[in-house]
Amino acid sequence: MINRTFLMALCFLLMFSCLEDEQITPDENLPGNSINKIMPLGASRIEGARPEYESFRYELWKDLIDGNWDFDYIGTVNDESNYPIYSGRSFDADHEGRGGYTSSQILNGINSWLNQSGTPDIVLFSSPGGNDALEGLSYDSAIANINNIVDILQTKNPNVIILIEQMAPAHSSAMTSTLSNYLATLHNDVADIALNKTTTTSKVIAVDMYNGFNDSMLADDVHYNQTGAEFIASRYYNALINVLQE
């Protein structure tokens, strides 16, 4: 007869072995230890709305993986769209994009979002002032809000790197003379903001998303399709490789 104590010990060992074999998937919403915490910040061009239109975040995420960079997207928003597994990894869907938000709404929320998500090392400031333009809001107020957002980011992290878009245009059919003039002036002012807000420890870099962008890259009047998302991601990646920590 087999000893009862031996049977109990054998059962225990089998159970322990099974637990060890289980694959435990880490919670990707938990704060990471990456040396490059990246916050995508903006409105619907950050948020995306698959399958209607794309955000550049997924394409940039793939580019960064291909480049073997250590990074982590951070933000209080996590979209629930379906993204294919890439290189054996699930998409990091954290971001700080809210469809329709104007510069004043981003300014009003930024402190709370930073407190919740943690401090970014790098901020991708998408289409600043874009919804202000579409809603016919004050241009001067939009510029003041953008400056204040940059100030808050630098106060939170004096070493933060901010990539700020000279934004891609809307569809040519929607580009009225008023909107065209607004964007042309904004592109110049964004370049000035980048120059004036750069400090000895914090770089603010204007990224040209306008030149080379065309109607074939849009899913509707203002949002990216797959081609547009790839174009924007490529522009961001080419800027990021000069500032990411290795």
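Placed above this text is the structure.
From a predicted model like this one, the values you see are computed outputs, not experimental measurements.

Colleague: Give me the lowdown on helix α3 (residues 57-66), citing residues and values where you can.
Modeller: Among the 10 residues in α3, 8 count as buried, and that is most of the element. All buried positions along α3 are accounted for by R57, Y58, E59, L60, W61, K62, L64 and I65. Buried residues belonging to α3 abut β1 (37-42), α2 (44-47), β2 (72-73), β4 (94-97), β5 (122-125) and α8 (226-240). Backbone geometry just downstream of α3 places N68 in the positive-phi region, at approximately 60 degrees.

Colleague: Mind laying out the side chain of N225, listing which residues take part and the relevant values?
Modeller: Inspection of the secondary structure puts N225 in the loop between β7 (204-208) and α8. With relative accessibility at 19%, the residue N225 sits in the buried group. The residues contacting N225, other than those within four sequence positions of it, are E54, S216, M217, L218 and A219.

Colleague: Any details on the packing of aromatic side chains? Residues and values, ideally.
Modeller: This model, assessed by the stated rule, comprises 13 aromatic pairs. When the ring of Y58 is compared with that of Y83, the centres are 5.2 Å apart and the planes differ by 40 degrees; the resulting orientation is tilted. With Y58 in helix α3 and Y83 in the loop between β3 (77-78) and β4, this residue pair connects regions lying 25 residues apart in the sequence. Residue class for Y83 comes out buried when judged on its relative accessible area of 17%. Pairing F213 with Y224 gives two aromatic rings, centres 5.9 Å apart and planes at 65 degrees, and the pair type is edge-to-face. One end of the pair, F213, is in the loop between β7 and α8; the other, Y224, is in the loop between β7 and α8, and 11 residues separate them in sequence. Exposure remark for F213: the relative accessible area of 9% places this residue in the buried category. Following the ring pairs from residue to residue traces out a cluster consisting of Y58, W61, F71, Y73, Y83, Y86 and F91.

Rules used in this analysis
Residues numbered from 1 in each chain as written. Predicted model: local features only at pLDDT ≥ 70, side-chain atom pairs only at ≥ 80, totals over all residues. Heavy atoms only, no water. Buried < 20%, exposed > 50% of the residue type's maximum accessible area, 1.4 Å probe, protein only. Helix = DSSP H or I, 4+ residues; strand = E, 2+ residues; numbered from the N terminus. Contact = heavy atoms within 4.5 Å. Phe/Tyr/Trp six-rings, centres within 6.5 Å; stacked < 30°, edge-to-face > 60°.

Note that all results are geometric; they support no functional claim without further evidence.
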